[in-house]
Amino acid sequence: MVKLDLNHISKCVGEQQLVEPLNLTFTSGNIVALCGGNGAGKSTIIRMIAGLTVPSSGEITIEGLNVQTSRQQYLQHIGYMPDDFQFTGGFTAYEVLSFWGDLKGVARDRVKELLIEVGLQDTGKKKVQSFSKGMRQRLLLAQANLANPSILLLDEPTNGLDPYWMKRFATMMIQAAKNGCLIIFSTHQLQVAEAIADHFIFLNNGKIELSGNYDEINALYGGAGIQQAYASLFWGEEGPLQR
C-alpha cells in the first residue's frame, strides 16, 4: 500500500498565488479527480507531485520519501502523463515507446503489450508527428504506464479521445485501481470523473472549494451530484439542497 502526503503545499509565481496552501492524503487503490476550469491549479498540483515544479511551501512525500532529498526513489513510484506533448523526429509509436522503455529499464514485451492496450499496435511505420490528438494521448498514457507505477498522474488524459476510447480509458483506470494503483487525474469532462473517480476535488483559482467522495457530494447536491456541484460552484447556478 502506497501513501501520498501533501503537507501545506502551495505555489506562488511572483505575487500570483497559483495554489493556496493545502493538505491532502491519498492511498493505493483510489481514483482522484481534480475538477475545475482553466487556471484552477489542477496542472500545477499534478506537476508538483510529479517533481516537475517545486512547491513554494510545504512538503510532498510518498511513503515518507521527499522528492527533494530522495528524488530517484520517489520518482520510481510515479508515472506521469502531461496534458500534451509535441513529438519531434520521424519516429513511430513503437520507437518512441521503446526509447522511454529503455530509460525505465522496461522490456520490449511490455512495450508491445501497452501498444496493444492503447490500440496503436497497427500504426506500423506511421510517424508519431502525424498522429491525431487522440492517438498522441493514447501513446502518452502508455508511456505513463510503462514501469507499472504505483501512482499515476494524468493531466487531462481524455482530451481528444473519441467515445470508444473514453470508455476504454475508464475501464483501464478502474482495473489499475483494483490492482492497487493510486490514480490522480485532472479533467474538464465531468462525465469521465463521475464514471470512475472515488474522490473529487473542486478547485478554483488555486483554492479547494469542495472535496469529497461521490456519496458525500450527492448528499449535498442531490441526484445531479457532480454535475450540479460544478454548476453551483463555478457557474453560480442553484446550490446545495437544503436539508
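This text goes with the structure placed above it.
Reading the values: the criteria
- Residues numbered from 1 in each chain as written.
- Predicted model: local features only at pLDDT ≥ 70, side-chain atom pairs only at ≥ 80, totals over all residues.
- Heavy atoms only, no water.
- Helix = DSSP H or I, 4+ residues; strand = E, 2+ residues; numbered from the N terminus.
- Buried < 20%, exposed > 50% of the residue type's maximum accessible area, 1.4 Å probe, protein only.
- Contact = heavy atoms within 4.5 Å.
- Areas by Shrake-Rupley, 256 points an atom, 1.4 Å probe, with all protein chains shown as cover.
- Lys, Arg positive; Asp, Glu negative; His and termini not counted.
- Charge placed at Lys NZ, Arg CZ, Asp CG, Glu CD.
- Phe/Tyr/Trp six-rings, centres within 6.5 Å; stacked < 30°, edge-to-face > 60°.
- Pairing = 2+ DSSP bridges.
- Axes fitted to C-alpha atoms, helices over the stretch in contact; angles between N-to-C directions.
- Parallel < 35°, antiparallel > 145°, perpendicular 65-115°, else oblique.
- Left-handed = near helix turned anticlockwise from the far one by under 90°.
- Nonpolar A, V, L, I, M, F, W, Y, C, P; charged D, E, K, R; others polar.
- Core = buried A, V, L, I, M, F, W, Y, C linked by side-chain atoms within 4.5 Å.

## What about the overall build of the protein chain?
Move 1: Scanning the protein chain from terminus to terminus reveals nine helices and ten strands.
Move 2: Counting only C-alpha atoms and orienting by the principal axes, one finds that the protein chain spans roughly 60 × 40 × 35 Å.
Move 3: When the 243 residues of the protein chain are sorted by exposure, 51% land in the buried category.
Move 4: Of all intrachain contacts in the protein chain linking residues separated by at least 6 positions in sequence, the fraction that spans at least 24 positions is 65%.
Move 5: About 11,600 Å² of surface is accessible on the protein chain, with carbon and sulfur atoms providing 49% of the total.
Move 6: Averaged over its 20 positive side-chain charges, the protein chain has a centre that lies 8 Å from the centre of its 23 negative ones.

## Overview of the environment of I9
Move 1: Along the chain, the position of I9 falls in strand β1 (residues 3-13).
Move 2: Looking at I9, the relative accessible area reads 1%, which means it is buried.
Move 3: Between the C-alpha atom of I9 and that of W100, which follows or precedes it by 91 residues, the distance is 30 Å.
Move 4: Non-local contacts of I9, meaning those with residues more than four positions away in its chain, are made with V19, E20, P21, L22, M48, P55, S57, G58, E59 and I60.

## Re the packing of aromatic side chains
Move 1: Evaluation of the coordinates by the stated rule reveals nine aromatic pairs.
Move 2: Ring centres of F85 and F87 lie 5.0 Å apart, and the angle between their planes is 70 degrees; on these two criteria the pair is classed as edge-to-face.
Move 3: Cluster of aromatic residues (ring-pair linked, three or more members): F85, F87 and W100.

## Quick notes on the sheet that holds strand β8 (residues 182-187)
The strands that make up a sheet pair up through hydrogen bonds in the backbone, lying either parallel or antiparallel.
Move 1: Ordered in space as β6-β7-β8-β3-β9-β10, the six strands form an open sheet in which the pairing is mixed. The open sheet has two edge strands with one neighbour each: β6 (78-81) and β10 (207-213). With strand direction ignored, the average angle separating the axes of adjacent strands in the sheet is 15 degrees.
Move 2: Bridging between strand β9 (residues 199-204) and β10 involves six bridges; their strand directions are antiparallel. Within β10, the position partnered with F200 by the bridge is G212.
Move 3: Sheet strands in contact with helix α8 (residues 214-221) are β9 and β10, and its direction is about 105 degrees off that of β10.
Move 4: On the sheet, helix α9 (residues 225-235) packs against β9 and β10 and is oriented at approximately 15 degrees with respect to β9.

## Some details on helix α1 (residues 42-49)
Move 1: Within α1, six of the eight residues are buried, leaving the element largely enclosed by the surrounding structure.
Move 2: Of all the residues in α1, the buried ones are K42, T44, I45, I46, M48 and I49.
Move 3: Phi for G51, located one or two positions after α1, is positive at around 80 degrees.

## Let's talk about the pairing of β6
For a regular strand, the rule is simple: side chains alternate between the two faces of the sheet.
Move 1: Burial along β6 is two-sided: I78 and Y80 facing one way and G79 and M81 facing the other are all buried.
Move 2: Across four bridges, the pairing between β6 and strand β7 (residues 151-155) is parallel. Paired with M81 across the two strands is L154, which belongs to β7.

## Details of the packing of α8 against α9
Move 1: Here α8 crosses α9 at 60 degrees, and the two axes come no closer than 8 Å. Relative to α9, α8 is oriented oblique. Our pair here, α8 against α9, has a crossing hand that is left-handed. Only G225, I226, Q228, A229, S232 and L233 of α9 make contact with α8, whose side of the interface consists of Y214, I217, N218 and Y221.
Move 2: Here the contact of α8 with α9 is composed, by residue class, of six nonpolar, four polar and no charged.

## Here's the deal with the nonpolar core
Move 1: Counting residues in each nonpolar core, the largest one holds 51 residues, and the members touching the most others are L97, L139, L154, M173, I183, F185 and F202.
Move 2: Broken down by element, this core gets its largest block of residues, eight residues, from helix α6 (residues 163-178).
Move 3: L4, L6, I46 and I151 belong to the second largest nonpolar core, which has 28 residues in total.

Scope: geometric values only; no functional claims are made or implied.
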